[in-house]
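Listed below are the residues making up each chain.
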Amino acid sequence: MSMMSIRAATPKDRAAIRQVEEHAFGQQAEAGLVDALVAGGHAVVELVAVEEGQVVGHILFSRLHVTQADGRSFAAVALAPLAVEPSFHRTGIGGALVNEGHRRLRAAGEALSIVLGDPSYYGRFGYGRARAAGFDSEFQGEALQALTWGEAPAEGRLDDAAAFGSALAA
Ligand SMILES: CC(C)(COP(=O)(O)OP(=O)(O)OC[C@H]1O[C@@H](n2cnc3c(N)ncnc32)[C@H](O)[C@@H]1OP(=O)(O)O)[C@@H](O)C(=O)NCCC(=O)NCCS
């Protein structure tokens, strides 16, 4: 029986989060991206999964704005990155992090989450391609998916989507 627990990330977790990101992706880009987004004050919900005192999973939802045709800006979130320590893959940690993140976002009144990832993985959490197809974005394509919990724009330009790119990690 797993004793895994999920909690909000704290400043003391930064080194452990870097390790999990580096191990999961096999490179440093995502770890650098996480540090840059958090240092820039862009984190909305950031969680860690802890197993026997060790951080074994991490998820970040950062701020992303949808600028609508009339100029109004809608505050959405970007899910990126999600990482689980390789030796703990397929034990449900990734799914638990996504679901707990969504629960907290909804409770905070967030209405739109956007992800750039494998549809066969994110589809199980409710992300859909159709909901994201109307956005104007350099990341537009099959991997761009969205999930809504309330009224949110289906069209507009995705701004501050640094979470999906490597600009900040370079
Ligand atoms: C993707 C990742 C976070 C999943 O974490 P996890 O804890 O193994 O996930 P869960 O145990 O909750 O779910 C595992 C399920 O997801 C599936 N899965 C994992 N990665 C997948 C992918 N890229 N595409 C499709 N399905 C995937 C597994 O096959 C498994 O399916 P099953 O439940 O039918 O057996 C983890 O594999 C990881 O850290 N990968 C490297 C980093 C990465 O690619 N992150 C996502 C992009 S931001």
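Cut-offs applied
Residues numbered from 1 in each chain as written. Predicted model: local features only at pLDDT ≥ 70, side-chain atom pairs only at ≥ 80, totals over all residues. Heavy atoms only, no water. Helix = DSSP H or I, 4+ residues; strand = E, 2+ residues; numbered from the N terminus. Buried < 20%, exposed > 50% of the residue type's maximum accessible area, 1.4 Å probe, protein only. Polar contact = N/O pair within 3.5 Å; in protein donor to acceptor, adjacent residues only side chain to side chain. Contact = heavy atoms within 4.5 Å. Near = heavy atom within 4 Å. Areas by Shrake-Rupley, 256 points an atom, 1.4 Å probe, with all protein chains shown as cover. Nonpolar A, V, L, I, M, F, W, Y, C, P; charged D, E, K, R; others polar. 1 Å grid on protein atoms, 1.4 Å probe; cavity = no way out; pocket = protein on both sides within 12 Å on 5 of 7 lines; lining within 4 Å. Points joined across faces, edges and corners; volume = space filled by probe spheres on them. Pairing = 2+ DSSP bridges. Lys, Arg positive; Asp, Glu negative; His and termini not counted. Salt bridge = Lys/Arg side-chain N within 4 Å of Asp/Glu carboxyl O.

J.: Account for the side chain of Glu-110, with residues named and values stated.
T.: Mapped onto the elements of the fold, Glu-110 is located in the loop between helix H3 (93–107) and strand S5 (112–116). On the basis of relative accessibility, which here comes to 12%, the residue Glu-110 falls in the buried class. Reaching out from Glu-110, the side chain makes a polar contact with the side chain of Arg-63 at a distance of 2.8 Å. Not counting chain neighbours up to four residues away, the residues in contact with Glu-110 comprise Val-44, Arg-63, Ala-75, Val-77, Leu-105 and Trp-149.

J.: Account for the site of the ligand, with residues named and values stated.
T.: Around the ligand, a shell composed of 17 residues is seen, among which Leu-82, Arg-90, Gly-92, Gly-94 and Gly-95 lie nearest. Between the ligand and Val-84 there is a distance of 2.9 Å, counted from an oxygen atom to a backbone nitrogen or oxygen. One of the side-chain nitrogen or oxygen atoms of Asp-118 is found 2.9 Å away from a nitrogen atom of the ligand. If the ligand stood free it would expose 890 Å²; the protein chains cover 68% of that surface. Among the elements of the structure, helix H1 (14–25), strand S4 (73–84), H3 and helix H4 (119–122) are those that each provide at least two residues to the shell around the ligand. Partitioning the shell around the ligand into residue classes produces 8 nonpolar, 6 polar and 3 charged.

J.: Account for unusual backbone geometry, naming residues and giving values.
T.: Here the amide bond leading from Ala-80 into Pro-81 is cis, since omega sits at -10 degrees, within 30 degrees of zero. Look at Glu-52: it is not a glycine, yet its phi comes out positive at around 50 degrees. By the secondary structure assignment, Glu-52 is in the loop between strand S2 (43–51) and strand S3 (54–67). Of note in this structure, Arg-90 is not a glycine but carries a positive phi near 60 degrees. Along the chain, Arg-90 turns up in the loop between S4 and H3.

J.: With reference to specific residues and values, describe the layout of surface pockets.
T.: Size it by volume and the largest pocket reaches roughly 460 Å³. Together, 19 residues line the largest pocket, and Leu-82, Val-84, His-89, Gly-94 and Tyr-121 are the ones closest to its centre. Residue composition of the lining of the largest pocket, grouped by class: 10 nonpolar, 6 polar and 3 charged.

J.: Which residues make up the pairing of S2, and what values do they have?
T.: In terms of residue burial, S2 counts as a mostly covered element, since 7 of its 9 residues are buried. Examined bridge by bridge, strand S1 (residues 5–8) and S2 share 4 bridges and lie antiparallel to one another. Within S2, the residue paired with Ala-8 across the bridge is Leu-47. When S2 meets S3, the two strands line up antiparallel, connected through 8 bridges. Each residue of the ladder has a partner; that of Val-45, found in S3, is Phe-61. If you look at the hairpin formed by S2 and S3, you'll find 2 residues sitting between the two strands, and Glu-52 has a positive phi there, around 50 degrees.

J.: Any chance you could break down the side chain of Glu-21 for me, citing the residues and the numbers?
T.: Within the secondary structure, Glu-21 sits in helix H1. At 7.9 Å, Arg-14 is the nearest oppositely charged side chain to Glu-21, a buried residue that forms no salt bridge. Sequence-distant contacts of Glu-21, that is, excluding residues within four places in its chain, are made with Gly-26, Gln-27, Glu-30, Ala-31, Val-34, His-58, Pro-81 and Ala-83.

As far as function goes, none of this settles anything; it's purely spatial.
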